[in-house]
Amino acid sequence: LAKTTQPISMDSYEGQEVNITCSHNNIATNDYITWYQQFPSQGPRFIIQGYKTKVTNEVASLFIPADRKSSTLSLPRVSLSDTAVYYCLVGDRNDKIIFGKGTRLHILP
Amino acid sequence: DTGVSQDPRHKITKRGQNVTFRCDPISEHNRLYWYRQTLGQGPEFLTYFQNEAQLEKSRLLSDRFSAERPKGSFSTLEIQRTEQGDSAMYLCASQDGTSSYNEQFFGPGTRLTVL
């Protein structure tokens, strides 16, 4: 399982776009990149998953460069309710997922 | 609500007692996972089932821990002779192993406090 490195914490303001970058230098050919969001006292929630280039859904976008050694989760126009911990995970779709410490995102008014 | 339920939501017990937690996954999901999460850390993998078969156990799962998934439906996690270090949030997740995504759906967790 490839190890991931992401910032411990980030602050931003309401209405801003937030980009959280994750590095995964040892990503394997079969690995996908997945992001989860976790609010206090709740289980993590799947946000987005991708393999290469760009993936977009109603919640976020995921940008993956050609070498796949990093990825960026982009949250458009954040609100206070986006304050949470965001986990970047890398692994085979059929393997268990290993969580790191994640990035604590704090949105300020 | 993800469709995964856990019971109880909170459990306070004294050191040395046994506790059992239950997880009810999304009915059509064949995979079920257990995680433990302590304050400030990400969830740590404990074990997972595919249908009723327990396929992998973490080294974190000492011999005081046992998990079952009879008939491939709900699952239970039992901790015997609890220790204060067992205090944590215990999370269950289910997954459709046939899906093109490996999205796991997490329950709300059971918070265990060992006094």
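Our subject is the structure listed above.
What counts as what
Residues numbered from 1 in each chain as written. Chains lettered and ligands numbered in written order. Predicted model: local features only at pLDDT ≥ 70, side-chain atom pairs only at ≥ 80, totals over all residues. Heavy atoms only, no water. Buried < 20%, exposed > 50% of the residue type's maximum accessible area, 1.4 Å probe, protein only. Helix = DSSP H or I, 4+ residues; strand = E, 2+ residues; numbered from the N terminus. Pairing = 2+ DSSP bridges. Axes fitted to C-alpha atoms, helices over the stretch in contact; angles between N-to-C directions. Phe/Tyr/Trp six-rings, centres within 6.5 Å; stacked < 30°, edge-to-face > 60°. Disulfide = S-S within 2.5 Å. Contact = heavy atoms within 4.5 Å. Buried area = accessible area lost by both parts, 1.4 Å probe. Salt bridge = Lys/Arg side-chain N within 4 Å of Asp/Glu carboxyl O.

(A) Focus on the pairing of strand E8 (residues 84-92) of chain A. Residue and element names in this part refer to chain A. E8 sits mainly inside the fold: 8 of its 9 residues count as buried. With 8 bridges joining them, strand E3 (residues 31-38) and E8 adopt antiparallel strand pairing. By the bridge assignment, glutamine 37 is partnered in E8 with tyrosine 86. In this structure, E8 lies alongside strand E9 (residues 103-108), joined through 3 bridges in antiparallel fashion.

(B) Spatial organisation of the sheet that holds strand E2 (residues 18-23) of chain A. Residues and elements named next belong to chain A. With antiparallel pairing, 4 strands are arranged side by side in an open sheet as E2-E7-E6-E5. The open sheet has two edge strands, E2 and strand E5 (53-56), and neither has a second partner. Recorded for the sheet is a direction-independent mean angle of 15 degrees between the axes of neighbouring strands. Here 6 bridges tie E2 to strand E7 (residues 70-75), and the two strands are oriented antiparallel to one another. In the strand pairing of E7, isoleucine 20 is matched with leucine 73.

(C) Fine view of the packing of aromatic side chains. Residues and elements named next belong to chain A. Tallied over the entire structure, the rule returns 13 aromatic pairs over all chains. Judged by centre distance (5.9 Å) and plane angle (85 degrees), the rings of tyrosine 36 and phenylalanine 46 are edge-to-face. Of the two residues, tyrosine 36 sits in strand E3 while phenylalanine 46 sits in strand E4 (residues 45-50), which places them 10 residues apart along the sequence. The class for tyrosine 36 is buried, based on a relative accessible area of 0%. For phenylalanine 46, a relative accessible area of 15% corresponds to the buried category. With 5.8 Å between their ring centres and 65 degrees between their planes, tyrosine 36 and phenylalanine 99 make a pair best called edge-to-face. Of this pair, tyrosine 36 sits in strand E3 while phenylalanine 99 sits in the loop between E8 and E9; the two residues are 63 residues apart in sequence, bridging distant segments of the chain. An identical accessibility class is assigned to tyrosine 36 and phenylalanine 99; each is buried.

(D) Structural detail: the state of the cysteines. All chains considered together, the criterion is met by 2 disulfides over all chains. One disulfide bridge connects cysteine 22 of chain A with cysteine 88 of chain A, the sulfur atoms lying 2.2 Å from each other. As the torsion about the S-S bond is roughly -80 degrees, the cysteine 22 of chain A-cysteine 88 of chain A disulfide counts as left-handed. Within this pair, whereas cysteine 22 of chain A is found in strand E2, its partner cysteine 88 of chain A is found in strand E8, the two being separated by 66 residues in sequence. Taken individually, cysteine 22 of chain A and cysteine 88 of chain A each receive the classification buried, so the pair is uniform in this respect. Paired through a disulfide, cysteine 23 of chain B and cysteine 92 of chain B show a sulfur-sulfur distance of 1.8 Å. Measuring the twist about the S-S bond at about -60 degrees, one finds the cysteine 23 of chain B-cysteine 92 of chain B disulfide to be left-handed. Of the two residues, cysteine 23 of chain B is situated in strand E3 (residues 19-24) and cysteine 92 of chain B in strand E9 (residues 88-95); the sequence distance between them amounts to 69 residues.

(E) Local environment of the interface of chain B and chain A. Between chain B and chain A, the residue contacts involve 24 residues of the former and 19 residues of the latter. In total, about 1800 Å² of surface goes out of reach between chain B and chain A, with carbon and sulfur atoms giving 47% of it. Run the count over chain B and chain A and you get 0 salt bridges. When contributions to the side of chain B that touches chain A are tallied by element, the ones reaching two or more residues are strand E4 (31-37) and E9 of chain B.

(F) Representation of unusual backbone geometry in the model. Residue proline 8 of chain B follows aspartate 7 of chain B across a cis peptide bond; omega there is -5 degrees. Inspection of the secondary structure puts proline 8 of chain B in the loop between strand E1 (5-7) and strand E2 (10-13). Even without a glycine there, the phi angle at threonine 53 of chain A is positive, about 60 degrees. In this structure, threonine 53 of chain A sits in strand E5.

Treat this as a map of the structure, not an account of what it does.
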